[in-house]
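Spelled out, the chains give:
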2 protein chains.
Amino acid sequence: MVVVRAGLSPERLTLAGAELADEVGFDQVTLSALARRFDVKQASLYAHLKNSHELKTRIALLALEELADRVADAVAGRAGKDALTAFANAYRDYARAHPGRYEAARYRLDPETAAASAGVRHAQMTRAILRGYDLAEPDQTHAVRMLGSVFHGYASLEAAGAFDHTDVAAQQSWDWTLDCLDTALRSRSTPRPAA
Amino acid sequence: MVVVRAGLSPERLTLAGAELADEVGFDQVTLSALARRFDVKQASLYAHLKNSHELKTRIALLALEELADRVADAVAGRAGKDALTAFANAYRDYARAHPGRYEAARYRLDPETAAASAGVRHAQMTRAILRGYDLAEPDQTHAVRMLGSVFHGYASLEAAGAFDHTDVAAQQSWDWTLDCLDTALRSRSTPRPAA
DNA sequence: GCATTTGCCTATAAGCTATAGGCAAATGCA
DNA sequence: TGCATTTGCCTATAGCTTATAGGCAAATGC
């Protein structure tokens, strides 16, 4: 009776959990389901994860990390509306390709964990693309929040199927929205010499 | 041994469920918790609700209804930016006053239920507001989606505490955002004679 | 005043999280 | 190479959840 170990680790479990989330939804990610996936008993996972909260937190951190990487990649070398579009598309594309991970990225983290997460990179990158619009504080903060709301709101509603009822393609509305945002932000630029 | 009946009904259970959601979060609303609240055994609830999905669906419908009522009330007799602001504020205020119900309003409904819900009133009211901006199709649809995204995104991020880290008041960013949206929409008005 | 319906009950099963304790494989070290 | 320790996964168990089946008494109908 040769017993081969499954080779579990927090990292492997997290990755498998993220895949599971994309397949069945983040709220359906359970330790039991994960254990089944590794053909292992559910209690065995507790040797690698403190509890299911830790699993979810790790998946959330993974998603934030991946999303920040993609956005960083997309905006590199771009500025102005070009950067805005690249950021927004990277964001939306990730949410569509990885719905479970995207949900996970909204999992509520305790303050210290959040502070150490890639969430701060998101805020930094948003501020970076706003450099092309010459916004002074506190307008810049307002704009960060507005953009975050639009991107998250759109991704979230689209994932929920809210745009499925009407015959207009979600892609067109997205492009239109980005255009709109660009205009709005430019109209708020401060140091433009002649109004 | 006088046994007094608890007087359960789908309506009372739904309302209590909504209150419970606001107190502990929509995902913490369970039939067991609800039964405890009525000092009744959990299995008894199945006489009034098919299952927990029905409870959640009913809470979602209640929330959509309430939200639509408030918005309708707020926008009545207003037009243009005034209407936009009233709509937006009613929306955000509801989300802040009733976080659990607001979460419930995002609960995924099956298509027929959604079609019969107050969700359609939301879309109608959004279109009504946009009448003040003279947008032709498909721009109107784009605008409906953009506004929905901003409102939902903002409420959702604010509820998640995403705006707590920076010292700028969420109210100010909200006002700024609405201003921005108004400008953006006006710049897209079609039948404005002279460009 | 009796029959029917209704409302809540107990009992039970299955799935989830979590803890405790056991045993064998893997590893460390002389 | 051989023994002690550590590690990895196991079983067993308890408490929580949803959900179903069947029972009995209160409420209602006639």
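Residues numbered from 1 in each chain as written. Chains lettered and ligands numbered in written order. Predicted model: local features only at pLDDT ≥ 70, side-chain atom pairs only at ≥ 80, totals over all residues. Heavy atoms only, no water.

In this section: the overall build of chain A. When you go through chain A residue by residue, the secondary structure sums to nine helices and zero strands. Start at the N end of chain A and walk to the C end: the helices and strands fall as α-α-α-α-α-α-α-α-α. Principal axes of the C-alpha set define a box for chain A whose edges measure 80 × 40 × 25 Å. Out of the 195 residues belonging to chain A, those deemed buried represent 48%. Long-range pairs, those at least 24 residues apart, make up 69% of the contacts in chain A between residues at least 6 apart in sequence. Carbon together with sulfur atoms contributes 52% to the accessible area of chain A, which is approximately 9,700 Å² in total. Charge separation in chain A, taken as the distance between the mean sites of 23 positive and 25 negative side-chain charges, equals 3 Å. (Helix = DSSP H or I, 4+ residues; strand = E, 2+ residues; numbered from the N terminus. Buried < 20%, exposed > 50% of the residue type's maximum accessible area, 1.4 Å probe, protein only. Contact = heavy atoms within 4.5 Å. Areas by Shrake-Rupley, 256 points an atom, 1.4 Å probe, with all protein chains shown as cover. Lys, Arg positive; Asp, Glu negative; His and termini not counted. Charge placed at Lys NZ, Arg CZ, Asp CG, Glu CD.)

The next point concerns the protein's contact with DNA strand D. Around DNA strand D, a shell composed of 19 residues is seen, among which Arg 5, Lys 41 and Ser 44 of chain A together with Ser 32 and Ser 52 of chain B lie nearest. Near the protein, within 4 Å, the atoms of DNA strand D are sugar or phosphate in 62% of cases. In this structure, Leu 31 of chain B approaches DNA strand D through a main-chain N or O atom, which is 2.8 Å from a phosphate oxygen. Taking Ser 32 of chain B, its side chain carries an N or O atom lying 2.8 Å from a phosphate oxygen of DNA strand D. Looking at the surface near DNA strand D residue by residue, the classes come out as seven nonpolar, eight polar and four charged. (Near = heavy atom within 4 Å. Polar contact = N/O pair within 3.5 Å; in protein donor to acceptor, adjacent residues only side chain to side chain. Nonpolar A, V, L, I, M, F, W, Y, C, P; charged D, E, K, R; others polar.)

Tallied over the full model, the rule gives 14 aromatic pairs over all chains. Three or more aromatic residues joined by ring pairs make a cluster, and in this case those are Phe 87, Tyr 91, Tyr 102, Phe 151, Tyr 154, Phe 163 and Trp 174 of chain A. In this arrangement the basic side chain of Arg 188 of chain A is found over the ring face of Trp 176 of chain B, its NZ or CZ atom lying 5.9 Å from the centre. (Phe/Tyr/Trp six-rings, centres within 6.5 Å; stacked < 30°, edge-to-face > 60°. Lys NZ or Arg CZ within 6 Å of the ring centre and 35° of its normal.)

Listed per partner, the contact involves 36 residues of chain A and 36 residues of chain B. Here chain A packs against chain B, burying approximately 3,100 Å² in sum over the two surfaces, 64% of which is carbon and sulfur. On the chain A side of the contact with chain B, Arg 145, Trp 176 and Arg 188 of chain A bury the most area, a combined 26% of that side's loss. Joining chain A to chain B, the criterion identifies two salt bridges. In this structure, Asp 179 of chain A and Arg 188 of chain B form a salt bridge, with 3.3 Å as the shortest nitrogen-oxygen distance. Applying the counting rule to chain A against chain B returns 22 residue pairs in polar contact (both at pLDDT 80 or more). (Buried area = accessible area lost by both parts, 1.4 Å probe. Salt bridge = Lys/Arg side-chain N within 4 Å of Asp/Glu carboxyl O.)

One copy of the chain maps onto the other through a rotation about an axis plus a displacement along that axis. Taken as rigid bodies, chain A and chain B are interconverted by a rotation of 180 degrees and an axial shift of 0.0 Å, the fit giving an RMSD of 0.1 Å. One copy is carried onto the other by what is essentially a two-fold rotation axis. Judged by C-alpha distance, Gly 153 of chain A is the residue of chain A that lies nearest the rotation axis, at 1.9 Å. Most of the interface of chain A is mirrored in chain B: 100% of its interface residues are interface residues there too. (Least-squares fit on C-alpha atoms with pLDDT ≥ 70 in both.)

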